[in-house]
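One-letter residues, chain by chain:
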Amino acid sequence: MNANLFCSCHRLRRAGRVVTRLYEHALADSGLTPQQFAVLASLAYDGARTASELTERVGAERSTLTRAIDRLEAAGLVETGPAGDRRERRVALTGAGRERLVQGVAGWRRAEGTMRHAMGPERVALLWELLSEAEAATTQYDPEKARRARQARSGVLQGNGGDGAGEEAGAESGATARRP
């Protein structure tokens, strides 16, 4: 087995691509991508939201979601307007967006059914639980705090008499610097 298959990131990305293709195929008749479907579904469920709120709700990168919103707006499926903060825009579902969402629901249900049939409902529930745990574990990671901890372990913050440049580079790469 290829060693990179033991990497959680690789396995999640690989599974994500395969599952995304399943949903893309299932949603093709509606003309929606899985992400566009998620945006429309969120707006239908939660009502109008700011782009930042949608980014959090959908779990997308801000730039990716901005492009999705722009495409949905160009297609007349959402409308945007000013929000309380001048830097934000409020996104709302249009009547055409609600109709397109209804068209997409049948495909989405087929994809969900495929997953449940292939894995079983209990395993799908377990998958969701594990993915939520993985997401929570990684969002708690503070890169700055981890960098300071690596520096402390390497002696940079303990004043080992050096300028710290070599140790800091070693700490950043994950290596532990040794004191003379």
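Further up the page is the structure itself.
The paragraphs below set out a description of the structure included in this document. (Residues numbered from 1 in each chain as written. Predicted model: local features only at pLDDT ≥ 70, side-chain atom pairs only at ≥ 80, totals over all residues. Heavy atoms only, no water.)

### So, the side chain of Ser42
No. 1: Mapped onto the elements, Ser42 comes out in helix α2 (residues 34-46).
No. 2: Its relative accessible area of 5% is what places Ser42 among the buried residues.
No. 3: For Ser42, the contacting residues outside a window of four places in its chain are Gly47, Leu54, Arg57 and Val58. (Helix = DSSP H or I, 4+ residues; strand = E, 2+ residues; numbered from the N terminus. Buried < 20%, exposed > 50% of the residue type's maximum accessible area, 1.4 Å probe, protein only. Contact = heavy atoms within 4.5 Å.)

### Examining the pattern of salt bridges
No. 1: The full count for this structure, using the stated rule, is four salt bridges.
No. 2: The closest approach of N and O atoms between Asp70 and Arg89, which form a salt bridge, is 2.9 Å. Of the two residues, Asp70 sits in helix α4 (residues 62-74) while Arg89 sits in strand β3 (residues 89-93), which places them 19 residues apart along the sequence.
No. 3: Here Arg89 makes a salt bridge to Glu73, at a shortest N to O gap of 3.9 Å. In this pair, Arg89 sits in strand β3 while Glu73 sits in helix α4, placing the two residues 16 residues apart along the sequence. (Salt bridge = Lys/Arg side-chain N within 4 Å of Asp/Glu carboxyl O.)

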